[in-house]
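Descriptive analysis of the structure
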Amino acid sequence: MYRPWMTFIPLLSLMGLLGPMGVYAFNYLQIDLGKAITALSPFWQSLLSTVKFFVFMVNRKKIVELVRKVWSWTLEATEEELKIIDEENKGDARISLFYYSMVNITGVLAALAPLAIAAIYALQGRNFMESLDAPFKAEYFYDIRASYMAYILCYTWNVVGIHYILNGALSIDTLYSWCVHNISAQFRILNLRYRQMSEKFIAHHAAGNLNEKKFLESLTSCVNYHRRIIQMSERFSEVYKGLVFIKFLVSCLQLACLSFIIPLGGEIADQSFNLSFLIAVTTQLMLYCHGGQKIQDSSTSVNEAIYEYFPWHDMSINSQKILMLTMIRAQKPCDIRGIFFTTDLSLFVWVYRTAASFMTMLMSMEDK
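1. Concerning the overall build of the protein
Helix and strand content of the protein: 10 helices and 0 strands. When the helices and strands of the protein are listed from N to C terminus, the series reads α-α-α-α-α-α-α-α-α-α. For 368 residues, the compact-globule formula gives about 21 Å, and the C-alpha radius of gyration of the protein, at 26 Å, lies well above that figure. In terms of overall dimensions, the protein has C-alpha extents of about 95 × 45 × 35 Å along its principal axes. Expressed as a percentage of its 368 residues, the buried residues of the protein come to 48%. Counting only carbon and sulfur atoms, one obtains 63% of the accessible surface of the protein, whose full area is about 18600 Å². For the protein, the separation between the mean place of its 32 positive charges and that of its 30 negative charges on side chains is 7 Å.

2. Considerations on the packing of aromatic side chains
Evaluation of the coordinates by the stated rule reveals 22 aromatic pairs. An angle of 80 degrees between the planes, with centres 6.2 Å apart, marks the rings of Phe53 and Tyr164 as edge-to-face. One end of the pair, Phe53, is in helix H2 (residues 33–58); the other, Tyr164, is in helix H6 (residues 148–207), and 111 residues separate them in sequence. Taken as a pair, Phe53 and Tyr164 share a single burial class, namely buried.

3. Some remarks on the environment of Gln296
Checked against the element boundaries, Gln296 lands in helix H8 (residues 268–309). In this structure, the C-alpha to C-alpha distance between Gln296 and Trp71, residues 225 residues apart in sequence, is 21 Å. The residues touching Gln296, leaving out its near neighbours within four places in the chain, are Pro333, Cys334, Asp335, Thr342, Thr343 and Asp344.

4. Considerations on the environment of Tyr307
Note on placement: Tyr307 falls in helix H8. Residue class for Tyr307 comes out exposed when judged on its relative accessible area of 58%. Expressed as a C-alpha distance, the spacing of Tyr307 and Met327, which sit 20 residues apart in the sequence, is 7.9 Å. What Tyr307 contacts, discounting residues up to four positions off in sequence, is Trp312 and Met327.

5. Observations regarding the pattern of salt bridges
Throughout the structure, instances matching the rule amount to 13 salt bridges. Note that Asp173 and Lys52 form a salt bridge whose closest N and O atoms lie 2.7 Å from each other. Taken together, the positions of Asp173 in helix H6 and Lys52 in helix H2 put the pair 121 residues apart, joining distant regions of the chain. For Lys52, a relative accessible area of 3% corresponds to the buried category. The partner of Arg235 in a salt bridge is Glu65, and the shortest N-O contact between them spans 3.5 Å. One end of the pair, Arg235, is in helix H7 (residues 212–264); the other, Glu65, is in helix H3 (residues 60–75), and 170 residues separate them in sequence. Residue Arg235 is classed as partly exposed on the basis of its relative accessible area of 33%. A single salt-bridge network, built from bridges that share partners, covers Glu87, Glu88, Arg188 and Lys294.

6. Overview of the nonpolar core
Counting residues in hydrophobic clusters, the biggest one holds 108 residues, and the most contacted among them are Tyr176, Tyr194, Phe236, Tyr240, Phe248 and Phe310. Not counting residues up to four positions away in its chain, the partners in contact with Tyr240 are Phe56, Ile172, Leu175 and Tyr176.

7. Details of the packing of helix H1 (residues 5–28) against H6
It is at 8 Å that the axes of H1 and H6 come closest, and there the two elements cross at 115 degrees. Here H1 is positioned roughly perpendicular relative to H6, judged by the angle of their axes. In the crossing of H1 with H6, the sense of the turn from one axis to the other is left-handed. Residues Thr7, Ile9, Pro10, Leu11, Ser13, Leu14, Gly16 and Leu17 of H1 lie in contact with H6, whose contacting residues are Trp157, Asn158, Val160, Gly161, His163, Tyr164 and Ile165. Of the residues in the contact of H1 with H6, the class split is 9 nonpolar, 6 polar and no charged.

8. Here we look at H8
Counted at 1.5 Å a residue, the expected span for H8 with its 42 residues is 62 Å, and the 57 Å between its end C-alpha atoms agrees. At Ser301, H8 shows its largest kink, close to 25 degrees.

9. What about the side chain of Lys247?
Mapped onto the secondary structure, Lys247 falls in helix H7. The buried charged residue Lys247 lacks any salt bridge, with Asp173 as its nearest oppositely charged partner at 6.4 Å. Lys247 has contacts with Leu48, Gln254, Val281, Gln284, Leu285 and Tyr288, leaving out every residue within four places of it along the chain.

Procedures and definitions
Residues numbered from 1 in each chain as written. Predicted model: local features only at pLDDT ≥ 70, side-chain atom pairs only at ≥ 80, totals over all residues. Heavy atoms only, no water. Helix = DSSP H or I, 4+ residues; strand = E, 2+ residues; numbered from the N terminus. Rg over C-alpha atoms; globule rule 2.2 N^0.38 Å. Buried < 20%, exposed > 50% of the residue type's maximum accessible area, 1.4 Å probe, protein only. Areas by Shrake-Rupley, 256 points an atom, 1.4 Å probe, with all protein chains shown as cover. Lys, Arg positive; Asp, Glu negative; His and termini not counted. Charge placed at Lys NZ, Arg CZ, Asp CG, Glu CD. Phe/Tyr/Trp six-rings, centres within 6.5 Å; stacked < 30°, edge-to-face > 60°. Contact = heavy atoms within 4.5 Å. Salt bridge = Lys/Arg side-chain N within 4 Å of Asp/Glu carboxyl O. Core = buried A, V, L, I, M, F, W, Y, C linked by side-chain atoms within 4.5 Å. Axes fitted to C-alpha atoms, helices over the stretch in contact; angles between N-to-C directions. Parallel < 35°, antiparallel > 145°, perpendicular 65-115°, else oblique. Left-handed = near helix turned anticlockwise from the far one by under 90°. Nonpolar A, V, L, I, M, F, W, Y, C, P; charged D, E, K, R; others polar. Expected span 1.5 Å × (residues − 1). Bend = angle between axes of the 7 residues up to and from the residue.

Okay, structure coming up:
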C-alpha cells in the first residue's frame, strides 16, 4: 500500500458501522423482519470486506511472491506463448470490467437512494428532513435528523464506508481472477509445447533423422514445466483458501437476504439498489466458482492434449512411459479449495440452493 491512510481511514469507518448495523437488525428482528433483513444485506458485505482484508494482509507476502512468480514466467514466454497470455488476460479484463461496473453501480445507488426517496417525498408534500435516511440502516449514537449538519456527518461516514466496501472487494477479487487466468495460460502454454514437440517428432521421424536423446530431453523439460505449474496452483490454493472459505460462508446469507427483500417491494430507488446488489454478489460468487472450474479444466486438458498430439505407434517405450506418467498425473485436476470444499461451478449451484432454503425459512418466519 502506497498510501496506508487511504486504506485504514475507510476501513475504520466501516468497522465503526458494523456495531450500529448489527444492533439495528437485532432490534427489528422480532418487530419487522423486512427491516431487519434490509439492514443485514449490507451488514454481511461489510463484515465480509473487513474480514477479507485482514486475511489478505496475513497472507500478503505469499501473495506478492505468487504474483511476482507469475509475472516472471511471462518474461520467459515466446511470441506464440505471449499470444495465449494476452488472450487470457483480455478475458480476465472483460470479466473484471463487468464486475467493476456492477460493484460501482451498486455503490452509487446505495449512496443516492436515500436522497432520491426523500426528494420524491418532498415533492409529494412531506418534510424532506424527516424523510431522510442513512444509506446504511443502523442505530446511530445520535439523532441524524436533528440538523442538516448531523445528517451530513452521518452521510459522509456512510459514504466513506461504502468506498471501502467497493474498493476492498474489487482489489482482492480481481487479483484472484488475474492469478486464475494466468495460471490457466501456463497450462495452455504447456499444451502448446507438447503440440510443437509432436510436430517436430513427426517431421524428424518421417525424414529418418530423429534424435531420441534430444526428444527425451525435451519431454523431461515439459514434465518439469508441468510440475512447476502444479506447484504454483497448489500454492495459489493455499494462499486463497481462507478468503474463499469466508466468501462462500457469507454468500449464502447475502443471497438469501437479497432474494427475500426484493419480492417484498418498496421504493423504486431501494429496489434498484437491491437488484444491483444481487447481481454484484452473484457476479462475485461466479468469479470465484468460474476461476476454480477454469483451473480444473485447464489442468486436465494436458492429459487430452498428450493423448491426441503424439503418434504413439512410432514412439519408443521410454518416451511412452514418460508421457503415460504425465497423463496419469494430469487426470488428477488441480483445484482451488476453500478449506472444506472445492471451488467449481457445482459449488455455485449449491450456494444458490442453500440460499433458497434460507430464503424459504425467512418467508415462513415473515408469515408467522
